[in-house]
Amino acid sequence: MHDDRELVEARLKRVLDERIRPAVHPASVPLDVAVWHAPGEPVPVAEGLAAGTSPIRVGDAWGAPWGTSWFTVTGTVPADWAGRTVEAVLDLGFDENMPGFQCEGLVYRPDGSPVKGLNPRNQWVRVGAPVEGGEEVRLHIEAAANPVILDYHPFLPTQLGDKETAGSEPQYRLARMDLAIFDETVWQLVIDLEVLGELMAELPADGARRWELLRAVERALDAIDLQDVNGTAAAARAELAGVLAAPAVPSAHRISAVGHAHIDSAWLWPLRETVRKVARTASNMTALLEEEPEFVFAMSQAQQWAWIKEHRPEVWARVVKAVAEGRFVPTGGMWVESDTNMPGSEAMARQFVHGKRFFLDEFGVENEEVWLPDTFGFAAGLPQIIKAAGSKWLLTQKISWSQVNTFPHHTFLWEGLDGTRIFTHFPPVDTYNCSMKGSEIAHAARNFRDKGVARHSLAPTGWGDGGGGTTREMVAKAARMRDLEGSATVTWETPAQFFAKAEAEYPAPPVWVGELYLELHRATLTSQAKTKQGNRRSESLLREAELWAATAAVRTGFDYPHERLDRLWKTVLLHQFHDILPGSSIAWVHREAEKTYAAVAAELNEIIDGAQRALAGNPGSGELVFNAAPHARDGVPAGGAAPVAAPAPAAALRTRAEGGYILADDLLRVEIDSRGLVVSAYDLRAERETVAPGQAANLLQIHPDFPNMWDAWDVDQFYRNTVTDLVDADEVTPGEAPGSVRVVRSFSASRVTQVLTVAAGRLDIRTEVDWHETEKFLKLAFPLDVHADRYASESQYGHVFRATHTNTSWEAAKFEACNHKFLHVAEPGWGVALVTDSTYGHDVTRTVRASDSGTTTTLRVSLLRAPRFPDPETDQGVHRFRHALVPGATIGDAVREGWFVNLPERRVPGDAEVAPLVTVDDDAVVVTAVKLADDGSGDVVVRFHESRGGRARARVSPGFAATGVVVTDLLERPLAGATAPEPAPADGAVTVSLRPFELVTLRFSR
């Protein structure tokens, strides 16, 4: 037989596009349309429905950027349509290729009850099935004119990302506002042909099944009268029934389809718009659940559920009903789908505390699965946190985006830094927006890397990013692939059902140890510095507020602010969403975030001040130093307060013979040359130089930064090919403070002012940058005379080691990575720490010097970038950073100094020494939280971990009368299987033994 595949396939495409799909709605009549354009921000539904309207016609422009327009559509069903299914087809000016990325609408009945959402792939509203004819139709559409930020030519700078700069030019034109007959037979024929056409394109050309499908499609096309598609659609379907009924082979790959709408809590739209996106999607999905008995929809991010409850009670009522039926499924157990690299230890824990507690309180549902399809890599501390929260499974998809190395597994055990293992799945469909295309299903089956030992994978199915969710077309396609020869089988299941099956069939999966590093989006560790600083400082303030409020509550009866702290934590957790904290959202989002962080700081400082004053005693007789760090500092105990001691003398400052200055105390001598660069940092105890020979530290370096794609997200390795060392100084002078040196540099349109001091063997560097660059990357470099093949980088509840070399492609790909408060590099017996109060991105490289064959290990922290998309003004303005170089530091010193830099002491008038509420007698054990229990019982909760990567045995002593103690999970519930430590009779202290990096939560009853 001649090969006529291309001929038949081309025929199928044209007939579908030009004849069959248009026949789904074979007859239509126009609706009358009127509109009211809300003058500012979105208004309540009642106000939108009551507003006066003006006529508008199809073809007219509407929608200033970020505006809201309320359309009213009215009409009458023609009498001769009696007995037919009728839909309103409402096209606001959609581009079908941009679901979630442009205008959207939510349809209401006249009484204000929501019907469903409108988006580019979901433009219909059912009027009647069947109709009697003559019905009056009246619908209202709350339409959002969200501008297209990521267009067909992506990453072009645009002012549309902020309502303050977006202008008022209408973005859209009404395209269709009709009542139309819906021909379900033709619609089903479309699905039949799409499924078979897409499937046969994936089958081998030499296989019989492909030719069976081709011939069946050809017969169906022959059966269609192109002048009477509606009259011949049933005959065409009959020609396809046989091939659609052929069952899948027993060895077929099995796909669990989970209805899904990945909704970014903010990205190319502001937070307020996400509130509405969630309502639209939830309305659509509850409506679809009512029509499709096998369909299951899962939604993550407790924050988004809370938004529905708060802002759309009518939608919430429908959601609650569907949850009770087990088909609208809370998943993930986190407050938002957060970034997991940058949130601190406690913040990462609280994502689960607040997320899981919401679902437990509202629905009695406890998630055992973690749902993070789009997060940009995963820190090695996460498995332990997942387990401590009472969960055991993880799903993500983003690692498939890695540019260099292909991850070797789709289902595996992920082992974290403490040894905890979590059953993990990467969907081989390689998208969290699966639309049930044959190409996607075939790719999942081919791509699955665990063939032979496992057969199950998961497909998150529905339009996402900007929401929308699953469509009726996706459900119909899945029904045909439930058991179809040549295809993987598709079954609607909940995430928990999938994981239970996958785990049962794969009892000994492979193990991946350490972080799950995404070889992409590395610049998210630096973009939008003020957002990152706001997060870090909020985390520190939350720690302080809980610590001092708990201490004051126990000691003085201070009113512990449960509700305020709960609200503030949720605000900070929301801003850890994986496009806010990473700095990849539009200008509007980051402008609002800066204001939000300022308000959070003001409120937390108020709580801290009130608690400390309650503890401090008589304000007129002395001054106390409060130390919130987990280590004693200058005679003040960790978590306590003591009278101000005599200040340590400032480091000696003298002029350097070659120009510049020398700063020195008893432990460290630092030489700063006439360029303001650190040419020597001599450890007086070890009698050892820190700075590599012939090199200079505190060196600012600037690179061009124009990645191939994803401007705010990416830095490509070629950025290193060009570098400018900023060595020219405008001023190098003694600073205003005793024992300090001030360095001023200007370059291009920017200016840097640094103040360098030495204290307690540490070089402290405070940097102010007035930044006005475009597409540049600013680094601060410290070339060290240290021979090391790895370095330590702080992560949640511990630290990870990364290679300094690039022996393999896996190591070479980690050319920009994340740390929290410190980096540490060492030879046996001597090391150096670099600590930071607010930066995350960094790189570490090594070279061998020709002069002496010694090794230079260079630590560079990333300060600022200047991408132009999606925020063309990213990072413009004044920024302040603090770093400290600590020669001779052990890993324990690095931990301690990192906390000191992030939790500066506070001075408060008073005379009452404050003993810590809880003390730990081993500095290797770091307390990350001291608080009152969330349930209002007054119990004291303390969380701590081993911080150095070794074994620890510590005595934990309550500074109050404790009647008992239990080991709990993160939600402060008794931990199943844990043995409660026995309190000492005298003081209630307990002794705990910890493995490396182990996390423990204790709850003391009072």
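In short, a report on the structure. (Residues numbered from 1 in each chain as written. Predicted model: local features only at pLDDT ≥ 70, side-chain atom pairs only at ≥ 80, totals over all residues. Heavy atoms only, no water.)

The next thing to look at is the overall build of the protein chain. A tally of regular secondary structure across the protein chain gives 18 helices and 52 strands. At 31 Å, the protein chain has a C-alpha radius of gyration in line with the 30 Å of a compact globule built from 1006 residues. Sorting the 1006 residues of the protein chain into buried and exposed places 63% on the buried side. A total of about 36,000 Å² of accessible surface is found on the protein chain, and carbon and sulfur atoms cover 50% of it. If you average the places of the 100 positive and of the 136 negative side-chain charges in the protein chain, the two averages end up 2 Å apart. (Helix = DSSP H or I, 4+ residues; strand = E, 2+ residues; numbered from the N terminus. Rg over C-alpha atoms; globule rule 2.2 N^0.38 Å. Buried < 20%, exposed > 50% of the residue type's maximum accessible area, 1.4 Å probe, protein only. Areas by Shrake-Rupley, 256 points an atom, 1.4 Å probe, with all protein chains shown as cover. Lys, Arg positive; Asp, Glu negative; His and termini not counted. Charge placed at Lys NZ, Arg CZ, Asp CG, Glu CD.)

We now examine the packing of helix 7 (residues 302-311) against helix 8 (residues 313-324). Two elements in contact, helix 7 and helix 8, have axes whose closest approach is 6 Å; the angle formed by their N-to-C orientations is 125 degrees. Here helix 7 is positioned oblique relative to helix 8, judged by the angle of their axes. Considering how the two elements wind past one another, helix 7 and helix 8 form a crossing that is left-handed. Contacts between helix 7 and helix 8 involve W305, I308, K309 and H311 on the former and, on the latter, P313, V315, W316, V319 and V323. Here the contact of helix 7 with helix 8 is composed, by residue class, of 7 nonpolar, 1 polar and 1 charged. (Axes fitted to C-alpha atoms, helices over the stretch in contact; angles between N-to-C directions. Parallel < 35°, antiparallel > 145°, perpendicular 65-115°, else oblique. Left-handed = near helix turned anticlockwise from the far one by under 90°. Contact = heavy atoms within 4.5 Å. Nonpolar A, V, L, I, M, F, W, Y, C, P; charged D, E, K, R; others polar.)

Moving on: the sheet that holds strand 6 (residues 85-91). With respect to topology, 4 strands assemble into an open sheet ordered 1-12-6-9, the strand pairing being antiparallel. Lying at the two open borders of the sheet, with one neighbouring strand each, are strand 1 (28-30) and strand 9 (124-128). Averaged over all adjacent pairs, the angle separating strand axes in this sheet is 25 degrees, with direction ignored. Direction of pairing for strand 6 relative to strand 9: antiparallel, over a ladder of 4 bridges. Within strand 9, the residue paired with V86 across the bridge is G128. (Pairing = 2+ DSSP bridges.)

Time to look at the sheet that holds strand 33 (residues 740-747). Sheet strands associate in pairs through backbone hydrogen bonding, adopting either a parallel or an antiparallel arrangement. Pairing is antiparallel across the open sheet formed by 9 strands, whose spatial order is 32-33-34-35-44-41-40-37-38. Sheet topology places strand 32 (731-734) and strand 38 (798-803) at the edges, where each strand pairs with a single neighbour. Strand-to-strand, the axes of this sheet are offset by a mean angle of 20 degrees, without reference to chain direction. Alignment of strand 41 (residues 830-836) against strand 44 (residues 877-887), held across 5 bridges, turns out to be antiparallel.

So, about unusual backbone geometry. The omega torsion across A129 and P130 is 0 degrees, close enough to zero to call that bond cis. Secondary-structure assignment places P130 in the loop between strand 9 and strand 10 (136-144). Look at the link from F869 to P870: it is a cis peptide, with omega at 5 degrees. Tracing the chain through its elements places P870 in the loop between strand 43 (855-865) and strand 44. A positive phi angle, near 70 degrees, is found at Q301, a position not held by glycine. Structurally, the position occupied by Q301 is in the loop between strand 14 (297-299) and helix 7. The phi dihedral of S853 is positive, around 60 degrees, even though this residue is not glycine. Of note, S853 is situated in the loop between strand 42 (841-848) and strand 43.

Turning our eyes to something else, we now look at the packing of helix 6 (residues 271-291) against helix 7. Look at helix 6 against helix 7: their axes get within 9 Å of each other, and the N-to-C directions meet at 85 degrees. Looking at the two axes, helix 6 sits roughly perpendicular to helix 7. Of the residues in helix 7, those in contact with L271, T274, V275, V278 and A282 of helix 6 are Q304, W307, I308 and H311. Here the residues of the contact of helix 6 with helix 7 sort into 6 nonpolar, 3 polar and no charged.

The full count for this structure, using the stated rule, is 84 salt bridges. Where E104 meets R280, a salt bridge forms, and the shortest distance between an N and an O atom there is 3.1 Å. With E104 in strand 7 (residues 104-108) and R280 in helix 6, this pair connects stretches of sequence that are 176 residues apart. In this structure E104 comes out as buried when scored by relative accessible area, which is 3%. Across the pair D785 and R849 runs a salt bridge, and its minimum N-O distance is 3.0 Å. Here the residue D785 occupies a position in the loop between strand 36 (776-784) and strand 37 (790-795), and R849 occupies one in the loop between strand 42 and strand 43, the gap between them amounting to 64 residues. For R849, a relative accessible area of 11% translates into the label buried. (Salt bridge = Lys/Arg side-chain N within 4 Å of Asp/Glu carboxyl O.)

With respect to the secondary-structure elements, D374 resides in the loop between strand 16 (369-371) and helix 10 (382-388). Spatially, the C-alpha atom of D374 lies 9.1 Å from that of D465, the residues being 91 residues apart in sequence. Setting aside residues no more than four positions away along its own chain, D374 makes contact with H262, D264, K398, Y432, D465 and H578. Within the local environment of D374, its side chain forms a polar contact with the side chain of H262, the two groups lying 3.3 Å apart. (Polar contact = N/O pair within 3.5 Å; in protein donor to acceptor, adjacent residues only side chain to side chain.)

Turning next to helix 18 (residues 891-902). The end-to-end C-alpha distance of helix 18, which contains 12 residues, comes to 17 Å, matching closely the 16 Å that a straight helix rising 1.5 Å per residue would cover. Where burial is concerned, most of helix 18 is hidden: 11 out of the 12 residues are buried. Along helix 18, the residues classified as buried are I891, G892, D893, A894, V895, E897, G898, W899, F900, V901 and N902. (Expected span 1.5 Å × (residues − 1).)

This brings us to the side chain of S740. Residue position: S740 is located in strand 33. Ignoring sequence-local partners within four residues, the contact set of S740 consists of L653, L663, T733, P734, G735, V755, L756 and T757.

Here the focus is the packing of aromatic side chains. The geometry of an aromatic ring pair comes down to the distance between the two centres and the angle between the two planes. One pass over the full model with this rule turns up 36 aromatic pairs. Aromatic pair F155 and F869: ring centres 5.7 Å apart, planes at 80 degrees, arrangement edge-to-face. Here F869 lies in the loop between strand 43 and strand 44 and F155 lies in the loop between strand 10 and strand 11 (172-173), a separation of 714 residues in the sequence. For the pair F155 and F869, one class covers both residues: buried. Taken together, the ring pairs connect F295, F297, W305, W316, F328, W335, F358, F359, F363 and W492 into an aromatic cluster. When the ring centre of W124 is taken as origin, the NZ or CZ atom of K116, which lies over that ring, is 4.4 Å away. Sitting above the plane of the Y840 ring, R536 keeps its charged end 4.5 Å from the centroid. (Phe/Tyr/Trp six-rings, centres within 6.5 Å; stacked < 30°, edge-to-face > 60°. Lys NZ or Arg CZ within 6 Å of the ring centre and 35° of its normal.)

In terms of residue burial, strand 6 counts as a mostly covered element, since 7 of its 7 residues are buried. Pairing analysis gives 7 bridges linking strand 6 to strand 12 (residues 176-182), with the strands arranged antiparallel. Residue pairing in the sheet places V86 in a bridge with I181 of strand 12.

Let us now look at the side chain of Q576. Position of Q576 relative to the elements: it lies in the loop between helix 15 (562-574) and helix 16 (587-616). The contacts of Q576, once residues within four sequence positions are left out, are V336, S338, D339, P343, A347, Q351, N535, E539 and L581.

For A61, the location among the structural elements is in strand 4 (residues 61-62). Not counting the four nearest positions on each side in its chain, A61 is found in contact with I56, P170, Y172 and R173.

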